[in-house]
Amino acid sequence: MFRVRNPQNALRTIALVRYSLAALFLLLALLREERLLFLGLALLAFLMARTGYCPLIRR
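Okay, so let's go over this structure.

Conventions we followed
- Residues numbered from 1 in each chain as written.
- Predicted model: local features only at pLDDT ≥ 70, side-chain atom pairs only at ≥ 80, totals over all residues.
- Heavy atoms only, no water.
- Helix = DSSP H or I, 4+ residues; strand = E, 2+ residues; numbered from the N terminus.
- Rg over C-alpha atoms; globule rule 2.2 N^0.38 Å.
- Buried < 20%, exposed > 50% of the residue type's maximum accessible area, 1.4 Å probe, protein only.
- Contact = heavy atoms within 4.5 Å.
- Areas by Shrake-Rupley, 256 points an atom, 1.4 Å probe, with all protein chains shown as cover.
- Salt bridge = Lys/Arg side-chain N within 4 Å of Asp/Glu carboxyl O.
- Axes fitted to C-alpha atoms, helices over the stretch in contact; angles between N-to-C directions.
- Parallel < 35°, antiparallel > 145°, perpendicular 65-115°, else oblique.
- Left-handed = near helix turned anticlockwise from the far one by under 90°.

### Thoughts on the overall build of the protein chain
For the protein chain, the count of helices and strands is 2 helices and 0 strands. The globule rule puts the C-alpha radius of gyration for 59 residues at 10 Å, and the 13 Å found for the protein chain is more than 25% above it. Structurally, the protein chain occupies a C-alpha span of about 45 × 15 × 15 Å along its principal axes. Out of the 59 residues belonging to the protein chain, those deemed buried represent 22%. Counting contacts in the protein chain only where the partners sit at least 6 residues apart, residues at least 24 apart contribute 67% of the total. Summed over all atoms, the accessible surface of the protein chain reaches about 4,900 Å², with 66% contributed by carbon and sulfur.

### Considerations on the pattern of salt bridges
The tally for this structure, following the rule as stated, stands at 1 salt bridge. A salt bridge links R32 to E34; its shortest N-O distance comes to 3.8 Å.

### A few points about the packing of helix α1 (residues 7-31) against helix α2 (residues 35-51)
Put simply, α1 and α2 touch, their axes get as near as 8 Å, and they point 165° apart. Between α1 and α2, the angle falls in the class roughly antiparallel. In this structure, the crossing between α1 and α2 has a hand that is left-handed. Only R35, F38, L39, L41, A42, A45, F46, M48, A49 and R50 of α2 make contact with α1, whose side of the interface consists of A15, R18, Y19, L21, A22, F25, L26, L28, A29 and L30.

### Overview of the side chain of R18
Secondary-structure assignment places R18 in helix α1. The contact partners of R18, leaving out residues within four places of it in the chain, are A45, M48, A49, Y53 and C54.

If you want it as structure tokens, here you go:
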């Protein structure tokens, strides 16, 4: 675990990265043949961003 000065700010930044990953996976699902794989990864990234799950940051 990492201790950070402002955990809310760190979690917000991590959520922003995960939202962008979800968007990237959705774009790849449109362009590539492995649609189910990329849709599953997009869903996982989106759910992790929505819940704020991050086991590495101590609150």
